[in-house]
Amino acid sequence: MAGWGLNTELYSTGKGESIWDRLTHDHPEVIKDKSTGDVTCNSYHLYKEDVRMLKDLAVHFYRFSISWPRILPTGHDNVVNQAGIDYYNNLINELIANGIQPVVTMYHWDLPQPLQDLGGWTNPLLADYFEDYARVLYTNFGDRVKWWNTINEPKVSADEYCIWLGLAPDIVSPGNGQYHVVHTMLLSHARAYRLYEREFKDKQRGEINLFIRYRNIRPYCDISFQLGWVLHPIYSATGDYPPVMKEWLAKKCKEEGYSRSELPSFTKEEIEMVRGTWDYLAVNHYTTYFACQNHEISPAFVGIGITNVQDEKYPTASSYWLQVVPWGFRKVLNWVAKEYNNPPVLITENGFSDHGELDDNNRVDYYIKYLCELLKAVKEDGCNVFGYTAWSLMDNFEWRSGYTETFGLFHVDFNDADRKRTAKKSAEVFSKIIKSNAIPLEYLGVATSQ
C-alpha cells in the first residue's frame, strides 16, 4: 500500500522540460493556486526519508513514476541523463534494501516538451520513441524492477483533446484528436511489451501492464466507450476496438459528412501485436458517476451523446469530481472479472482528497468503506485482486489543483524549504491494516453507513 508523488522537480540535475513544466510556467493561471511542480515534495533529495515513511507503514511495495524527461531530456535515446539514472537506481536500491518491491510507471503524463513539439501523442512516431525509452528503462533498472506499468490512464490524456480540462499540453482538438492519442498510446504500450518479451523477459522475469482509470458509470450503456476503448484491444480474445464503438462512430461520422471514421484503424498485424499484451490489470478507481443522455455536449464520450453526472446524495471530497460511493468499487471489479475472464488485478490508485488535515477522519472513513467493498468483491464474488495501492503516500502537486487539494497519508509542508513530512491519522490506520492484514474492529462500524 503506497502512493506516488509527482516528483517532476524542474531543477534536478540534467532533467529536460516536460509539458507540465511548460504549462505551469507559461500559463500559471491554469493552476488553481498558480503553483508549479518545480520542487513539489523534493523527493529527488529526500528519497531516503520517503522510504523510511514507507517502512514505518510496513508496506510491501511502492508504486512510483519515472519522469521521461529526467531520463531522456530531449525525449530521444541519443542523450541519456546519467544523473536521472543514478537517482532512480538509488531509490530502487533503497526500497529493496528495506524489503519493499518497486512498482514502476513509465509514463505518468509528463511528456518531454520536444516530443510535444512534434505533435505529442497524436503523432504515431511516439510509439517508436516510447519503445526506445522503454529499452533504456529495462536496461538500467530491469534487473531489480519486476513490476512495470507502461502508460497511466490513456483516456485521461485523450480527454484533454476533446474538452478543456486544464491538463498539459492544454490542446483542445474536438473530434479525432482524442482517438489518435489513445491509438498511439495503445501501440506504444504494445511495442514496449513486445520489446520486453523479445529481449528482456527470459532474464529479468518481470510483469508488464497498462493503467486504466475507471469511474464506474451507472447505467452501463457506455461501457464500451468508457472502458472497452482501451481494454478491448489488449484483453479481449479478438483484439481491436469494441465492435459497438466502431459501428457507432462510423455511423456518426457518415452522418456528419466525413469520408471515414474518426476512429483510427489497426492493421491486422497491429491487432495481433496489441492483443494479449498484459500480465495483469492495473485499475485506478476513486468514485462512481452516473450517465445521462446529452446530445448537445458530451465531454466524456464525444460522439455518442452521453455525459457524466453526479448524485448529490453522496458526500464529496475537496476535489469536486470525487464523491464517496463505495459500492461502485465492487461493481467495477465485478464488471472487469465478467468481461475479461477475471484477470489478476492490482489496484494502483484509490484515495480521498481534503485540505491537508492531520486528523483526517474523512479519509479514514473513505478507505475503510472502500476496502470493505474490495473484500466483498474478493471473498464473496471471487474477483481476482492481488494487491491494493493507496493514493498517495504524501501530499503532492495535484495537477491543475496545485497544492490546494491533498491526498497523502503524510502531510507535506510546502512552505518549508525542507518539505517537512508529518504522519496523519490515516497513516496510523493504514499501518494497522497492513501489519494485521485486517481492518481494525474499531473502524468496521463506519463501513455499515453507505
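In this text the structure is predicted, and so the values were computed from the model without any measurement.

**Q** Now, about the sheet that holds strand S2 (residues 101-107): what can you tell me, with residues and values included?
**A** Spatial ordering of the open sheet is given by S1-S2-S3-S4, a layout of 4 strands whose pairing is parallel. Where the open sheet ends on each side, the last strands, each with one partner, are strand S1 (61-65) and strand S4 (207-209). Averaged over all adjacent pairs, the angle separating strand axes in this sheet is 20°, with direction ignored. Bridge count for strand S3 (residues 147-151) against S4 is 3 bridges, and the pairing is parallel. Each bridged residue has a counterpart across the sheet, and for tryptophan 148 the counterpart in S4 is isoleucine 208. Together, S1 and S2 form the strand contacts of helix H4 (residues 82-97), whose direction differs from that of S1 by roughly 170°. Packing of helix H6 (residues 126-141) onto the sheet brings it into contact with S2, S3 and S4, and relative to S2 it is tilted by some 160°.

**Q** How would you summarise the packing of aromatic side chains if you had to cite specific residues and measurements?
**A** Applying the stated criterion across every chain yields a total of 39 aromatic pairs. A cation over an aromatic ring shows up here: arginine 213 above the ring of tryptophan 321, its NZ or CZ 4.7 Å from the ring centre.

**Q** Account for the side chain of arginine 419, naming residues and giving values.
**A** Secondary-structure assignment places arginine 419 in the loop between strand S12 (410-412) and strand S13 (421-423). A polar contact is formed between the side chain of arginine 419 and the backbone oxygen of phenylalanine 414, at a distance of 3.5 Å. If near-sequence neighbours (up to four positions away) are discounted, arginine 419 is found in contact with Val39, Thr40, Cys41, Asn42, Leu46, Val412, Asp413 and Phe414.

**Q** Describe the sheet that holds strand S7 (residues 281-284), with residues and values.
**A** Spatially, 4 strands are ordered S5-S7-S10-S11 in an open sheet, and the strand pairing comes out parallel. Both outer strands of the open sheet, strand S5 (211-213) and strand S11 (385-388), are each paired with one neighbouring strand and no more. Between one strand axis and the next, the sheet turns through 30° on average, direction left out of account. Sheet topology places S7 next to strand S10 (residues 345-349); 4 bridges connect them, and they run parallel. In the strand pairing of S10, asparagine 284 is matched with glutamate 349.

About the cut-offs
Residues numbered from 1 in each chain as written. Predicted model: local features only at pLDDT ≥ 70, side-chain atom pairs only at ≥ 80, totals over all residues. Heavy atoms only, no water. Pairing = 2+ DSSP bridges. Helix = DSSP H or I, 4+ residues; strand = E, 2+ residues; numbered from the N terminus. Axes fitted to C-alpha atoms, helices over the stretch in contact; angles between N-to-C directions. Contact = heavy atoms within 4.5 Å. Phe/Tyr/Trp six-rings, centres within 6.5 Å; stacked < 30°, edge-to-face > 60°. Lys NZ or Arg CZ within 6 Å of the ring centre and 35° of its normal. Polar contact = N/O pair within 3.5 Å; in protein donor to acceptor, adjacent residues only side chain to side chain.

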